[in-house]
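Fold and geometry: a report
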Amino acid sequence: DEICEIFSSRGKGDTSCPYVLSIGARTGSGVKPYTGALGRPYGAKEGNYRQHSLYIGWVTCLFALVGAVAAVRRREGDALFFLAAAVLAFGLSLGRYFEPLYRCVFALPVGDLVRCPVKWIHLAELSLAVLAAYGIDFVASLAAKKGEAARKTALCALGAMAVVGAFDLARVDRLYCAPVDLKEARRTDSS
């Protein structure tokens, strides 16, 4: 479930946060309760503590894939580091669903205090963003070798994809933002 959400948002709903769900119902934003297994206590048949999306964006994933392939082809040490960090952090974020790695972390001193292994996904997201930058650089360098016209076309295409990716992420992120009317919030706090 969670692996698919990195590439495609809202597959199993949006959030478990009652505050965001209630605001979504009032504003008609279409926020749906999350029904997946992420954040579900061990042994529980239903319910979870999920509050955010794991969606990284298809544009970011596409460029990260290009960056990963380029890193392996070029044997770039820095990019290979971020590729390894992304794979490791993603494996750690699976927690009990990837038990061999999770047991190794659990055996470390204070490793048993890791309450929410899905938080490792943030390190994977950062690593994928850096790999996406390597992918963009790789595409731009290929276009530069073909001449000035190809370079300008590639830069325009890369810019357009970046804008599309930003709007796509904003489309998904708006579901998790709980807009607050400050006047109403101050009135509620004072009473």
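Structural notes, computed from the coordinates.

Calculation notes
Residues numbered from 1 in each chain as written. Predicted model: local features only at pLDDT ≥ 70, side-chain atom pairs only at ≥ 80, totals over all residues. Heavy atoms only, no water. Helix = DSSP H or I, 4+ residues; strand = E, 2+ residues; numbered from the N terminus. Buried < 20%, exposed > 50% of the residue type's maximum accessible area, 1.4 Å probe, protein only. Contact = heavy atoms within 4.5 Å. Areas by Shrake-Rupley, 256 points an atom, 1.4 Å probe, with all protein chains shown as cover. Phe/Tyr/Trp six-rings, centres within 6.5 Å; stacked < 30°, edge-to-face > 60°. 1 Å grid on protein atoms, 1.4 Å probe; cavity = no way out; pocket = protein on both sides within 12 Å on 5 of 7 lines; lining within 4 Å. Points joined across faces, edges and corners; volume = space filled by probe spheres on them. Nonpolar A, V, L, I, M, F, W, Y, C, P; charged D, E, K, R; others polar. Patch = residues over 30% accessible without salt bridge, like charges linked within 9 Å, V, L, I, M, F, W, Y side chains within 5 Å. Salt bridge = Lys/Arg side-chain N within 4 Å of Asp/Glu carboxyl O. Core = buried A, V, L, I, M, F, W, Y, C linked by side-chain atoms within 4.5 Å.

**Observations concerning the overall build of the protein**
On a plain count of helices and strands, the protein comes out with 8 helices and 0 strands. Ordered by position from N to C terminus, the α and β elements of the protein give α-α-α-α-α-α-α-α. For the protein, buried positions account for 32% of its 191 residues. Of all intrachain contacts in the protein linking residues separated by at least 6 positions in sequence, the fraction that spans at least 24 positions is 66%. Of the roughly 12000 Å² of accessible surface on the protein, a fraction of 65% belongs to carbon and sulfur atoms.

**What to know about the packing of aromatic side chains**
Considering all chains together, one arrives at 2 aromatic pairs under this definition. Summarising the aromatic geometry, the rings of Phe81 and Phe82 are spaced 5.2 Å apart at their centres and angled 80° between planes, so their arrangement reads as edge-to-face. Judged by relative accessible area, which is 22%, Phe82 ranks as partly exposed. Look at Tyr102 and Phe106: their rings are 5.9 Å apart centre to centre, the planes differ by 45°, and that puts the pair in the tilted class. Separated by 4 residues within a single helix, Tyr102 and Phe106 lie in helix α5 (residues 99–107), roughly one turn from each other. Note on Phe106: relative accessible area 43%, which makes it partly exposed.

**Details of empty space enclosed by the protein**
Using the criterion set out here, one finds 1 cavity of 30 Å³ or more in the structure. Here the largest cavity is characterised by a volume of approximately 30 Å³. Taken together, Leu92, Tyr102, Val105, Val114, Pro117 and Trp120 make up the lining of the largest cavity. Here the lining of the largest cavity is composed, by residue class, of 6 nonpolar, no polar and no charged.

**Considering a nonpolar patch on the surface**
A contiguous nonpolar patch, built from Trp58, Leu62 and Val164 and spanning about 270 Å² of accessible area, is present on the exposed surface. Structurally, Leu62 is set in helix α3 (residues 58–74). A relative accessible area of 38% means that Leu62 is categorised as partly exposed.

**Considerations on the nonpolar core**
Core analysis: the biggest nonpolar cluster contains 20 residues, and Ile6, Leu54 and Leu128 have the highest contact counts within it. Elements with a contribution of two residues or more to this core: α3, α4 (77–93) and α6 (121–145). When neighbours within four sequence positions are excluded, Leu128 is seen to be in contact with Ile56, Thr60, Ala64 and Ala86.

By themselves, these observations are geometric and do not establish any function.
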